[in-house]
Amino acid sequence: MRITAIFLLLSACALDAEPDLASTADDITGGISVNPNPRPEIGEWNGCTATMIRPNWLLLAAHCFTWSDARNWSGTNSNPTFNTTATGDGHAVSAATMVDRTFSFSGFAGELGGNDVMLAHLSSVPTGPTNIVPATIATAAPTSGTVTDWGFGCNTVAPQTGFDFLRFRESAPSTATHALCPGDSGGPKVIGDHTQRGAIYQINSGFDNGFSNPIPWRTTIDRLIADWDTNGWADIYLNRWCTGANERRFEIDADGDGQADALCWNSVTGAEKLGVGVNRLIRPSPATLGSFCTGGRELLTGDFDGDRITDLLCHDKTTGQNFIDFGRDGYNGFGGTTIAVPNFGWCSHATGQLHTGDFNGDGRTDLLCHDTATGHKWLDYAAATATIFAGTDYESTNNFCSHVGAKLLVGDVDGNGRSDLICHTPSTGQLHFDRTYAGDIFNGVDETLDPIPSVNERFCQTGRVEVGDYQGLGNSSLKCVTQLGTWGSLFADGYGNFSYDRMFGYSGDIGSRSMNAASRPWSYER
């Protein structure tokens, strides 16, 4: 499919080609094709141009893969591959190598130019051509001399023809060439002429001669690559960490840095394990944790004391008794900093379901009791007191998410710092949203979505929806998790609008790019 940034827009259920490189002013009229290929480190991936900057790492544009951090599992639908060519003809592939990870540096979904930068990891080193020399990222942009733009895109836009042939165009750094065409996205703009193997100082992005800038990310990229090349074997997702009997994985912020860590909890024994995230690599911690929340109780997460570190709450569904294990001392269970919340029998009735979220935007996670039969809801706001919770502070008799088969989730859909309600009906794929604002709490449906990409593919009809910030926007998106990984995901744009995409062709997953322990605690369908 010859596209780079493509979405199935749920509001219109229509397929839109990438907007950034589709102008008729952007055809590569001055491009020169190459044979043999003088820069075989430049290849094609997912309809984009990409450049090897290490033997098994690519640099390209973040919009080439939905501005997200993604991971791939091996399988029949694991795709696409990075293709290299000795002749510059993309149809004559020298080697096809699987991409198993992407890392986005974009500031928001939809960003073009600026930080539209992505790093992709290859599962192995391409076997050819034999003369590949990985490129480097420049330390500064040139102000004079010659620069060269490279891409595998089309050379005419109306109609789009000439794909899959590597072309270059030389110019001065200050010259606007208007030379980009769909398929050129992600390609390098380098210092020097086409024979010099110059360093990359820009990446083809869009906005009518628009380019993104990898130079500010050079140190971060070097650090990430070095860590993954040395310690990538310890990645908890690669090793299927926390997939044993009765084990459940939670995404948390264990150190308050806003980045994703992980907690593994055994619902029978209460045993806990911690995964620590650095350089977007979550690896098992050697620390020995205490046990917490045994005996059929339910574990939930949140930031109940407002220190930006995830805490654990153990809820007894029979008695309503809650215990909190504060994360600030490293999750030591009842051997650490733990309190027993006074027992009011709160949310202990048969149809009561406890959720966590920051519904008043004060930076502390509150408790929500949802009656699955009637939709009745009660809120207990967290307070700066010794016991934190003291019983019902607000209630609503609205019947939101009480219909047959409905499943309630919590997330900050619009990024305003207040948790919203999300209702998913698996049988239809339909979603209802009840957004939270000051003076507008649980007043019913604010928006309904019918995300049905096709008649036979309703959103997460099987599997489980999980909620997280998968694009680094500071708000919540939705992903559908199946046994193979992520079937399809709904990405929020920060304004509550969603777009649909599959990750790596059914057989992959995406990770959270940022955490807010208070307003975006780990939420999943129960």
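Because the structure is a prediction, the values reported are computed rather than measured. (Residues numbered from 1 in each chain as written. Predicted model: local features only at pLDDT ≥ 70, side-chain atom pairs only at ≥ 80, totals over all residues. Heavy atoms only, no water.)

K.L.:
Help me understand the packing of aromatic side chains, please; the structure alone is not making it clear to me.
P.N.:
For any two aromatic rings, the description comes down to two numbers: the centre-to-centre distance and the angle of the planes. Enumeration according to the criterion identifies 10 aromatic pairs in this entry. Taken together through their ring pairs, the aromatic side chains of Trp57, Phe103 and Trp228 make up a single cluster. Between Arg71 and the ring centre of Tyr237, over which it is positioned, the NZ or CZ distance is 3.4 Å. It is Arg328 that lies over the ring of Phe326; its NZ or CZ is 4.4 Å from the centre. (Phe/Tyr/Trp six-rings, centres within 6.5 Å; stacked < 30°, edge-to-face > 60°. Lys NZ or Arg CZ within 6 Å of the ring centre and 35° of its normal.)

K.L.:
I tried to follow the nonpolar core on my own but got confused; where do I start?
P.N.:
By size, the foremost hydrophobic cluster in this structure holds 62 residues, and its most contacted members are Ile53, Leu58 and Leu119. Other than its neighbours up to four places away in sequence, Leu119 contacts Ile53, Trp57, Leu58, Arg101, Thr102, Phe103, Phe105, Ile221, Leu224 and Ile225. (Core = buried A, V, L, I, M, F, W, Y, C linked by side-chain atoms within 4.5 Å. Buried < 20%, exposed > 50% of the residue type's maximum accessible area, 1.4 Å probe, protein only. Contact = heavy atoms within 4.5 Å.)

K.L.:
I tried to follow the pairing of strand S28 (residues 377-380) on my own but got confused; where do I start?
P.N.:
The two faces of the sheet receive side chains in turn, since in a regular strand these alternate between them. Neither face of S28 is open: one carries Lys377 and Leu379, the other Trp378 and Asp380, and all of them are buried. The sheet contact formed by strand S27 (residues 366-371) and S28 spans four bridges and is antiparallel. Note that in S28 the partner of Leu368 across the bridge is Leu379. Bridge analysis of S28 against strand S29 (residues 394-396) gives three bridges, and the strand direction is antiparallel. Note on S29: the bridge partner recorded for Trp378 is Glu395. (Helix = DSSP H or I, 4+ residues; strand = E, 2+ residues; numbered from the N terminus. Pairing = 2+ DSSP bridges.)

K.L.:
Just to check I follow, could you spell out the confidence of the model for the chain for this structure?
P.N.:
When pLDDT drops low, the exact placement of atoms in the prediction is not to be read closely. Averaged over every residue, the pLDDT of the chain is 84; residues scoring 70 or more account for 84%. Below a pLDDT of 50 lies the segment residues 1-30, which in the model reaches 93 contacts outside its immediate sequence neighbourhood of four places, other chains included. (pLDDT = per-residue confidence, 0-100.)

K.L.:
What is the right way to read the side chain of Asp235 from this model?
P.N.:
Relative to the assigned elements, Asp235 resides in the loop between helix H1 (218-231) and strand S18 (247-252). Not counting chain neighbours up to four residues away, the residues in contact with Asp235 comprise Arg101, Trp228, Leu281 and Ile282.

K.L.:
Looking at this model, I keep getting lost on the sheet that holds S18. Mind explaining?
P.N.:
To summarise the sheet geometry, strands pair through backbone hydrogen bonds and adopt either a parallel or an antiparallel arrangement. Across the sheet, which stays open at both edges, the four strands sit in the order S18-S19-S20-S21 with antiparallel pairing between neighbours. The two strands at the open ends of the sheet, each matched to only one other strand, are S18 and strand S21 (281-284). Recorded for the sheet is a direction-independent mean angle of 25° between the axes of neighbouring strands. Across four bridges, the pairing between strand S19 (residues 261-266) and strand S20 (residues 272-278) is antiparallel. Across the sheet, residue Trp265 finds its bridge partner in S20, namely Glu272. Its contacts with the sheet place H1 against S20 and S21, and it is angled at close to 35° to S21. (Axes fitted to C-alpha atoms, helices over the stretch in contact; angles between N-to-C directions.)

K.L.:
Any chance you could explain the sheet that holds strand S25 (residues 338-341) here in plain terms?
P.N.:
The strand order S22-S23-S24-S25 describes an open sheet built from four strands, whose pairing is antiparallel. Across the chains shown, the open sheet's two edge strands, defined by having one partner strand only, are strand S22 (298-302) and S25. Neighbour to neighbour, the strand axes of the sheet diverge by 25° on average, direction disregarded. Sheet topology places strand S23 (residues 311-315) next to strand S24 (residues 322-325); four bridges connect them, and they run antiparallel. Along S24, the bridge assignment pairs Cys314 with Phe323.

K.L.:
How should I be thinking about the environment of Leu312 in this particular structure?
P.N.:
Relative to the assigned elements, Leu312 resides in strand S23. When the C-alpha atoms of Leu312 and Tyr331 are compared, they prove to be 8.0 Å apart, with 19 residues separating the residues in sequence. Other than its neighbours up to four places away in sequence, Leu312 contacts Leu263, Glu272, Phe292, Leu299, Leu300, Thr301, Phe304, Phe323, Ile324, Asp325 and Tyr331.

K.L.:
Explanation requested: the pattern of salt bridges in the structure shown.
P.N.:
A side chain of one charge can pair with a side chain of the opposite charge when the charged atoms of the two come close. Applying the stated criterion across every chain, the model contains 14 salt bridges. Residue Glu466 is joined to Lys479 by a salt bridge in which the shortest nitrogen-to-oxygen separation is 4.0 Å. Here Glu466 is found in strand S34 (residues 464-468), whereas its partner Lys479 is found in strand S35 (residues 477-482), with 13 residues between them in sequence. Like Glu466, the residue Lys479 is buried in the burial classification. Beyond isolated ion pairs, a larger network of salt bridges with shared partners links Arg39, Glu41 and Arg197. (Salt bridge = Lys/Arg side-chain N within 4 Å of Asp/Glu carboxyl O.)

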